Amino acid sequence: MSDSKDLLQVLWSGADVLRGKMDANEYKTYLLGLVFYKYLSDSYLAKAYDLINDTDPDNLEEAQEQYEQMLLTDDAKDFVDELKSQMHYTLDPNMTYISMLKDAKNNAFNREKLQAAFNRIQESDELFNGLFADVDLYSNRLGTGDQKQSATVAEVIKVLEGADLIHAKGDVLGNAYEYLIGQFASETGKKAGEFYTPHGPAQILCRIAMTGQEDKKGLQVYDPCMGSGSLMLSCRNYSKEPDYIKFYGQELMPSTYNLARMNMFLHGILPENQHLRNGDTLDADWPTDEVTEFDAVTMNPPYSAKWSAAEGFKQDERFMDYGGKLAPKSKADYAFLLHGFYHLRNTGTMAIVLPHGVLFRGAAEGSIRETLLKNGSIYAVIGLPANMFYNTSIPTCIIVLKKHREGRDVLFIDASNLYEKEKKQNVMKDEHIDKVLELYRNRQDVEKISHLASYEEIKANDYNLNIPRYVDTSEEEEAISLKNVVTNIGSTNKKIKEANNELLNMLNELTFSDEETKMAVDELMKVIKEV
């Protein structure tokens, strides 16, 4: 089953087993972890079969059988060593997914065996260190007591039997994993901001970062707030040499960092091309040795996050060339931007998503923005539709940066109306994405949607980059006919007079039980007659 739709159906049905027991942010960890374990196990058996027969297995049961037989021969040690050198991990026969599935079907599943398999993979190579740390097989979320918890895991293992991860062609498996991550983002809501950038903004970021670099072999891509790694991986889609791209990414949240590592493997990224780190991007610079500048930098950092803004950062190479100003403690947006820009190669392109406030806020942010503009570093500003992201409904913008370019003009694109409304979010379709890229590449004025502003124009605007200052999207109101206004007033007055007469007739017919009420109504009638 290499068809992506069938694969998605099977994988998503695994979520159904867990959905009633925990929220999406928790069960995504279990499902994605178990899918990845199955992928590693199945890949391991397929490689073992290939080493024995020089071909892929038709089914994994046969591969398991031959693997077990091979381990009984005199060549067992050399065989396992060869497997380890190629796969970077080893699994005993009772640690494979096929072995777990057999136990699950016979109601004999033992989660200790699965934990042992996780441990073996994690201890095999630094690549896999702590990879399954979040997949807690002993959690009460799986049920109460050993039996129920084991039964839940066994049920997911049985459901995943239908997912053929070995014969999936091209990026089918990686794309299926991406789809799952997107589905979890939709169910998770606000927490999704930690790991997911929606399709539209992601494609715009990556296509812009890759523009002019499609043919480059050995391209180096960097995302210092990588989430699930989707932005970096999307860059592959626009490269003519995708197998040679080296990926450098950092992520603060350990569970999201593990998700990115799994995502890399499922997209077939070779271990030597993965350079991922779990750490705080702003707190300490990384990477600092060997490769420190990159061809493409893509970023979707947490918006207006807090950071220390400690005095020591003024001597930090990332932030020191901006007039002694640091991003404010309450809004780290420019700290993230300057970090990414510091790591951009002179010939590269950086694209970052940030809230609109970075375009016009004053004080230290205004000073940093002014320096960037004076240096010609800001190449384009693209306003995105509101309600695009799961963690915020506010409109955001993409800022494109380059180093040492000729000219200091800035292209402004107002893409705020390029979307379709769906259930929870606004969504940019392919035609919207293509339109933005067309405007970006043409770099010309198009009425009500784009404007190429000169440096003098920006300076005259006091370095304020608020998009409406440069792209006028206002619609001229229709001219009002004075004749129609007079006619409408006359018509309205006539209706008022008719209504007043009707009210007077009704008041004339009233009878009163006391003189005071009668006098009050007489006064009211006088007022109505004067109108």
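Residues numbered from 1 in each chain as written. Predicted model: local features only at pLDDT ≥ 70, side-chain atom pairs only at ≥ 80, totals over all residues. Heavy atoms only, no water.

Undergrad: Sorry, what's going on with the side chain of Ser 139 here?
TA: By the element assignment, Ser 139 lies in the loop between α6 (111–124) and α7 (145–159). Judged by its relative accessible area of 6%, Ser 139 is buried. If we skip the residues at most four places from it in the chain, Ser 139 touches Tyr 30 and Gln 149. (Helix = DSSP H or I, 4+ residues; strand = E, 2+ residues; numbered from the N terminus. Buried < 20%, exposed > 50% of the residue type's maximum accessible area, 1.4 Å probe, protein only. Contact = heavy atoms within 4.5 Å.)

Undergrad: Just to check I follow, could you spell out the nonpolar core for this structure?
TA: Nonpolar side chains tend toward joint burial in soluble globular proteins. Membership of the largest hydrophobic core comes to 69 residues, with the highest contact counts inside it found for Leu 31, Phe 36, Tyr 37, Leu 114, Phe 132, Ile 157 and Tyr 177. Broken down by element, the residue count for this core peaks at 15 residues, all from helix α2 (residues 24–53). Apart from residues lying up to four places away in sequence, Leu 31 is in contact with Leu 11, Gly 14, Ala 15, Leu 18, Val 156, Leu 160, Leu 180 and Phe 184. Counting residues in each nonpolar core, the second largest holds 48 residues, with Phe 319, Ala 332, Leu 338 and Leu 465 among its members. (Core = buried A, V, L, I, M, F, W, Y, C linked by side-chain atoms within 4.5 Å.)

Undergrad: Would you mind showing me how to read a nonpolar patch on the surface here?
TA: Where nonpolar side chains cluster on the molecular surface, the patch consists of Ile 480, Leu 482, Val 485, Val 486 and Ile 489 and spans about 510 Å² of accessible area. Structurally, Val 486 is set in helix α17 (residues 482–508). (Patch = residues over 30% accessible without salt bridge, like charges linked within 9 Å, V, L, I, M, F, W, Y side chains within 5 Å. Areas by Shrake-Rupley, 256 points an atom, 1.4 Å probe, with all protein chains shown as cover. Salt bridge = Lys/Arg side-chain N within 4 Å of Asp/Glu carboxyl O.)

Undergrad: How should I be thinking about empty space enclosed by the protein in this particular structure?
TA: A water-sized probe rolled over the atoms picks out the places where empty space is left. Enumeration according to the criterion identifies one cavity of 30 Å³ or more in this entry. In this model, the largest cavity occupies a volume close to 110 Å³. Around the largest cavity, the lining is made up of 13 residues, and of these Thr 29, Asp 134, Ser 255, Leu 259 and Met 262 lie nearest the centre. Elements with a minimum of two residues in the lining of the largest cavity: α2 and α11 (254–266). (1 Å grid on protein atoms, 1.4 Å probe; cavity = no way out; pocket = protein on both sides within 12 Å on 5 of 7 lines; lining within 4 Å. Points joined across faces, edges and corners; volume = space filled by probe spheres on them.)

Undergrad: So what exactly am I meant to see when it comes to the sheet that holds strand β6 (residues 378–383) here?
TA: For sheets, the rule is that strands pair by backbone hydrogen bonds, running either parallel or antiparallel. Taken together, the nine strands give an open sheet; going across it, the order is β3-β2-β1-β4-β5-β7-β6-β8-β11, and neighbouring strands pair in mixed fashion. Of all strands in the sheet, those bounded by a partner on one side alone are β3 (274–278) and β11 (450–453). Put simply, the sheet's adjacent strands are angled 10° from each other on average, direction ignored. The pairing of strand β1 (residues 220–223) with strand β4 (residues 294–299) spans two bridges and is parallel. Bridged to Tyr 222 within β4 is Val 297. Relative to the sheet, helix α15 (residues 430–442) contacts β5 (344–355), β6, β7 (396–401), β8 (410–414) and β11, its axis offset from that of β8 by approximately 160°. (Pairing = 2+ DSSP bridges. Axes fitted to C-alpha atoms, helices over the stretch in contact; angles between N-to-C directions.)

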